[in-house]
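Here are the chains, one letter per residue:
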Number of protein chains: 2
Amino acid sequence: MAATIKDVARVSGVHVSTVSRTFSAPHLVNPATRSRVLAAADDLGYRPNRAARALTTGRTFNLGLIVADISNPFFPPLIKAAQAQARGRDHHVFVADTDEDPRVEEELIRTLAKQVDGVLLCSPRLSNKLIERLAEDVPFVVVNRRVRGLPSVLMNVAQGARLALDHLAGLGHRRIALVSGPAGSWTSNEMRAVAAATEGLDLVGFGPNQPTESGGLAVASEVAASGATAVLAYNDLVALGVIEGLAEQGIGVPDQISVIGFDDILPGRLNRPKLTTVAMPAAAAGRMAVDLLLQSGGEGATVTLETALIVRESTGRAQT
Amino acid sequence: MAATIKDVARVSGVHVSTVSRTFSAPHLVNPATRSRVLAAADDLGYRPNRAARALTTGRTFNLGLIVADISNPFFPPLIKAAQAQARGRDHHVFVADTDEDPRVEEELIRTLAKQVDGVLLCSPRLSNKLIERLAEDVPFVVVNRRVRGLPSVLMNVAQGARLALDHLAGLGHRRIALVSGPAGSWTSNEMRAVAAATEGLDLVGFGPNQPTESGGLAVASEVAASGATAVLAYNDLVALGVIEGLAEQGIGVPDQISVIGFDDILPGRLNRPKLTTVAMPAAAAGRMAVDLLLQSGGEGATVTLETALIVRESTGRAQT
């Protein structure tokens, strides 16, 4: 069997893209590494067909990953899992942050389209229509959004919201504040739909809100005034902001109001009270998105990953 | 005065790179946008000299930003500030994470070198020697490291460590645990040097450690057994891990042991007790690094940014 570029990479102890570069752009490879790669290629009888093909077909062995806000601790585990999975398949991942701005998102996608083999689009703020059009230039996998004809990785937010609402109902809560996220967010819509379909609950909606601690902080006094005894928040950052805002008014969590977040991020685990939350499978989503992007048969596939309720200290019995 | 690419971008309401692409790779630009750009160019009498020059000189209007661990909350504010600064100067920023692995770091630098106009290298784990060699392929700015001949953005860790140690000494602490970070870390070395030069303190060193919550957790029982009444930790994550580990052993912070971190990240602000810390100017460093990279005269310049002690709840008087 003929030696492959992977064999050369393994024997010379470098990444496969370095082997590719040794044959396509040798001036960009450090001379010592270049000698080692060429020696290994000679030994193995490797002919750089694949490298040459990669060059002519324009394959880069790079993937782009676009997130709405890199400072939300939800994203780094997803990014790191996607990177590790891609690295295991000889690809690098480059990350760009859109600052929650659809115009920046579009611009970044167009820029990346020329430089990568595919894009993982996480929690996009663009319209589905525009995403469909952009997908003509570069393969996409969309995370946390369902877009017709594109592979999607979804987290079962509806299931998580049901677990959270059942938990609150079991603790005697009836009047529940639903603190949603950005306008048009798929996750917010899923949460609202489940809450509306749950019998016996009296829901008060707050939103749209910034999906950050400040977003939660800004809405806390309205929540307190609403008579709700429990809060289901868009994500953990919002939940932590609500708790902080309630504390500023001397309202204790969970003694007076219970709070549940979504995501399961580090600040929630370190918070006092430790945050009850719906754990989102961010790392699994990152790995799955890379798999869908790199497998050619992935067009249109939708994968839904399960969520889990983690009960900590921020939820308790309703005041009677 | 002849119209520039920026004029065309402003008039047609698109990013300058879209104007560039309209002239260099029109098939990658959405037809409606393309028409708008071409109409604006006609109106203004713009000739795509700069776009053509960018094409021949290989300018990409992209910058790379390499960080040791994107899941450390220290990095996102730096990344976002660098992005905003770059965007204001018509550049995009693509981020890559090295998982604290020098081999991955080298591979990513070599990959990015072909695709960007310059690289911001934050908290590198590579040797200075290798960084100097890699800098022959692509312009670098190094953050949190001093490398001969390369522009560097440093944070005044020594000043921060002095503020922290003075604060502890003022509270009556004499025996202080220094919980350092990864082997070879410039920040750790600075902290150690300052601590060693401070008179009247009895220092106990712990390290090298992973620069994470787990790193702090792993060392907490040794710290407790050392007889130290205060801890100066490599960063906030390590400090939070130490506090968590001490709590598991029933040791209260700050009643029994005081703890100071470095960075000023969100989880420290949300923690109970809220973390006393040395605030690092991460956002300013991100902006400054972009400025140094884009200004051609920046070779070898070193900028040092000041730090500030933020006293919160995790430090108190030494037990007597």
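The rules behind the values
- Residues numbered from 1 in each chain as written.
- Chains lettered and ligands numbered in written order.
- Predicted model: local features only at pLDDT ≥ 70, side-chain atom pairs only at ≥ 80, totals over all residues.
- Heavy atoms only, no water.
- Helix = DSSP H or I, 4+ residues; strand = E, 2+ residues; numbered from the N terminus.
- Contact = heavy atoms within 4.5 Å.
- Areas by Shrake-Rupley, 256 points an atom, 1.4 Å probe, with all protein chains shown as cover.
- Lys, Arg positive; Asp, Glu negative; His and termini not counted.
- Charge placed at Lys NZ, Arg CZ, Asp CG, Glu CD.
- Buried area = accessible area lost by both parts, 1.4 Å probe.
- Salt bridge = Lys/Arg side-chain N within 4 Å of Asp/Glu carboxyl O.
- Nonpolar A, V, L, I, M, F, W, Y, C, P; charged D, E, K, R; others polar.
- Pairing = 2+ DSSP bridges.
- Axes fitted to C-alpha atoms, helices over the stretch in contact; angles between N-to-C directions.
- Domains from an automatic or database assignment.
- Parallel < 35°, antiparallel > 145°, perpendicular 65-115°, else oblique.
- Left-handed = near helix turned anticlockwise from the far one by under 90°.

Naming follows an unreviewed UniProt entry, where chain A appears as Transcriptional regulator, LacI family of Nonomuraea maritima.

## Thoughts on the overall build of chain A
Within chain A, the regular secondary structure consists of 13 helices and 12 strands. Dimensions along the principal axes, computed over C-alpha positions, put chain A at roughly 80 × 40 × 30 Å. Residue pairs at least 24 apart in sequence account for 70% of intrachain contacts in chain A once pairs closer than 6 positions are excluded. Accessible surface for chain A amounts to roughly 12300 Å². Of this, 50% is attributable to carbon and sulfur atoms. Of the charged side chains in chain A, 31 are positive and 32 negative, and the gap between their average positions amounts to 7 Å.

## What about the interface of chain A and chain B?
Chain A puts 46 residues into the contact, and the matching count from chain B is 45 residues. Roughly 4500 Å² of surface becomes buried between chain A and chain B when both sides are summed, with 51% attributable to carbon and sulfur atoms. Summed over the shared surface of chain A and chain B, the result is 12 salt bridges. Between B:K274 and A:E244 there is a salt bridge whose closest N-O contact spans 3.2 Å. Residue assignment for the side of chain A that touches chain B shows that the elements contributing at least two residues are α2 (16-24), α5 (75-87), β2 (92-97), α6 (102-113), α11 (236-248) and α12 (266-270) of chain A. When the residues that make up the side of chain A that touches chain B are grouped by side-chain class, the tally is 17 nonpolar, 13 polar and 16 charged.

## Some points on the sheet that holds strand β12 (residues 308-310) of chain B
Residue and element names in this part refer to chain B. As summarised here, the arrangement of the six strands in space is β7-β6-β8-β9-β10-β12, forming an open sheet in which the pairing is mixed. Each edge of the sheet is formed by a strand with only one pairing partner; in this case those strands are β7 (202-206) and β12. Each strand of the sheet is rotated relative to its neighbour by a mean of 20°, with strand direction disregarded. Strand direction decides the pairing type here: strand β10 (residues 276-279) and β12, joined by three bridges, are antiparallel. Within β12, the residue paired with A279 across the bridge is A308.

## Regarding the domain arrangement of chain A
Residues and elements named next belong to chain A. According to the domain assignment, chain A consists of domain 1 (5-57), domain 2 (62-155 + 282-306) and domain 3 (157-281). One C-alpha centre belongs to domain 2, the other to domain 3, and the line joining them spans 27 Å. Taken residue by residue, the interface counts 17 residues in domain 2 and 15 residues in domain 3. Roughly 1300 Å² is buried in total at the junction of domain 2 and domain 3, and carbon and sulfur atoms are behind 57% of that figure. When residues of domain 2 are sorted by the area they lose upon contact with domain 3, P73, M155 and E306 head the list and together hold 37% of the total. Linking domain 2 to domain 3 there are zero salt bridges. Secondary-structure elements contributing two or more residues to the side of domain 2 that touches domain 3 are β5 (152-155) and α13 (282-294). The leading source of residues in the side of domain 2 that touches domain 3 is α13, at four residues. Residues that form the side of domain 2 that touches domain 3 fall into these classes: nine nonpolar, two polar and six charged.

## Description of the packing of helix α5 (residues 75-88) of chain B against helix α13 (residues 282-294) of chain B
Residue and element names in this part refer to chain B. Between α5 and α13, the least distance of the axes is 7 Å, while the angle of their chain directions is 40°. One way to sum up the angle between α5 and α13 is to call them oblique. Handedness of the α5/α13 crossing: right-handed. Side by side, α5 and α13 meet where P77, L78, A81, A82, Q85 and A86 of the first sit next to A282, A283, A285, G286, R287, V290 and D291 of the second. Among the residues forming the contact of α5 with α13, the class breakdown is nine nonpolar, two polar and two charged.

## Here's the deal with the sheet that holds strand β9 (residues 258-263) of chain A
Pairing between the strands of a sheet is mediated by backbone hydrogen bonds and can be parallel or antiparallel. Residues and elements named next belong to chain A. Taken in spatial order, the six strands make up an open sheet running β7-β6-β8-β9-β10-β12, and their pairing is mixed. Each edge of the sheet is formed by a strand with only one pairing partner; in this case those strands are β7 (202-206) and β12 (308-310). Pairwise comparison of adjacent strand axes, ignoring direction, gives a mean angle of 20° for this sheet. The pairing of β9 with strand β10 (residues 276-279) spans four bridges and is classified as parallel. Bridged to D263 within β10 is A279. Set on the sheet, helix α9 (residues 186-197) makes contact with β6 (175-179), β7, β8 (230-233) and β9; between it and β6 the angle comes to about 165°.

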